[in-house]
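Secondary and tertiary structure notes
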Amino acid sequence: MAVPPQLRALLLAVNALLRKRRYHAALAMLKGFRNGAVYGVKIRAPHALVMTFLFRSGSLQEKLWAILQATYTHSWNLACFVFAYKGLCALQSHVQGETYQVHSFLAAFIGALLVFKDNNNINSQINMYLLSRLLFALCRLGVEKGYIPEPRSAGVSKKTRERKKSRLLHHGQPRMCW
């Protein structure tokens, strides 16, 4: 099937526009907004469906409305957060001339303050999830830096794990378990 010349010209113009570095930050913000919205729906809709039908009373219409409302709130909040995060990262990078690791932290902190400030069930769940990720990352960093002793995995000591790993490395390829 042949593509009409007008459509081909339009596609070439749009692709040329998208390749320009000048619009990278704005396009990243728009793409992030869209991805946040899509991810919010993918995560919240199944969760809201199950939880609503298991634990909420009311008519079918009320339950469906609650599912739609929870999904919309989650999706909108994630989309707005990503939009703010990408925008703030780009702004800091533009102002300072280059990107630093602290830019991500500041952008996430300010974006979260702006978006997740309302006290509702959706934001509470998102905040708990973010807190768990933050604590997990800090614990890993603490282990890497030696501030926290390495945890034993399933009752096996580090010495035993290293001995097994050494045997695997010296006796050929490890076998896959799946």
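Residues numbered from 1 in each chain as written. Predicted model: local features only at pLDDT ≥ 70, side-chain atom pairs only at ≥ 80, totals over all residues. Heavy atoms only, no water.

For the protein, an unreviewed UniProt entry supplies the name Peroxisomal membrane protein 4-like and the organism Lynx pardinus.

What follows covers the overall build of the protein. The secondary structure content of the protein amounts to six helices and zero strands. Moving toward the C terminus, one meets the helices and strands of the protein in the order α-α-α-α-α-α. When each of the 178 residues of the protein is scored for burial, the buried share is 18%. When contacts within the protein are restricted to residue pairs at least 6 apart in sequence, those whose partners lie at least 24 apart make up 51%. Summed over its atoms, the accessible surface of the protein is roughly 14600 Å², and 65% of this surface lies on carbon and sulfur atoms. (Helix = DSSP H or I, 4+ residues; strand = E, 2+ residues; numbered from the N terminus. Buried < 20%, exposed > 50% of the residue type's maximum accessible area, 1.4 Å probe, protein only. Contact = heavy atoms within 4.5 Å. Areas by Shrake-Rupley, 256 points an atom, 1.4 Å probe, with all protein chains shown as cover.)

A few words on the packing of helix α2 (residues 24-55) against helix α3 (residues 60-96). Interhelical geometry of α2 versus α3 gives an angle of 155 degrees and a closest axis separation of 7 Å. Relative to α3, α2 is oriented roughly antiparallel. In this structure, the crossing between α2 and α3 has a hand that is right-handed. (Axes fitted to C-alpha atoms, helices over the stretch in contact; angles between N-to-C directions. Parallel < 35°, antiparallel > 145°, perpendicular 65-115°, else oblique. Left-handed = near helix turned anticlockwise from the far one by under 90°.)

Counting through the fold element by element, N77 comes out in helix α3. Sequence-distant contacts of N77, defined by excluding residues within four places in its chain, comprise V115, F116 and N123.

The end-to-end C-alpha separation of helix α4 (residues 101-115) is 22 Å, in line with the 21 Å expected for 15 residues at 1.5 Å each. Of all the positions in α4, only H103, A107, G111 and V115 are classed as buried. Along the long axis of α4, the arc covered by the buried residues comes to 70 degrees, so they all point the same way. Residues of α4 that are exposed and angled more than 90 degrees away from the buried face: Q101 and F105. Against α3 and α5 (121-145) lie the buried residues of α4. (Expected span 1.5 Å × (residues − 1). Arc of directions from axis to C-beta.)

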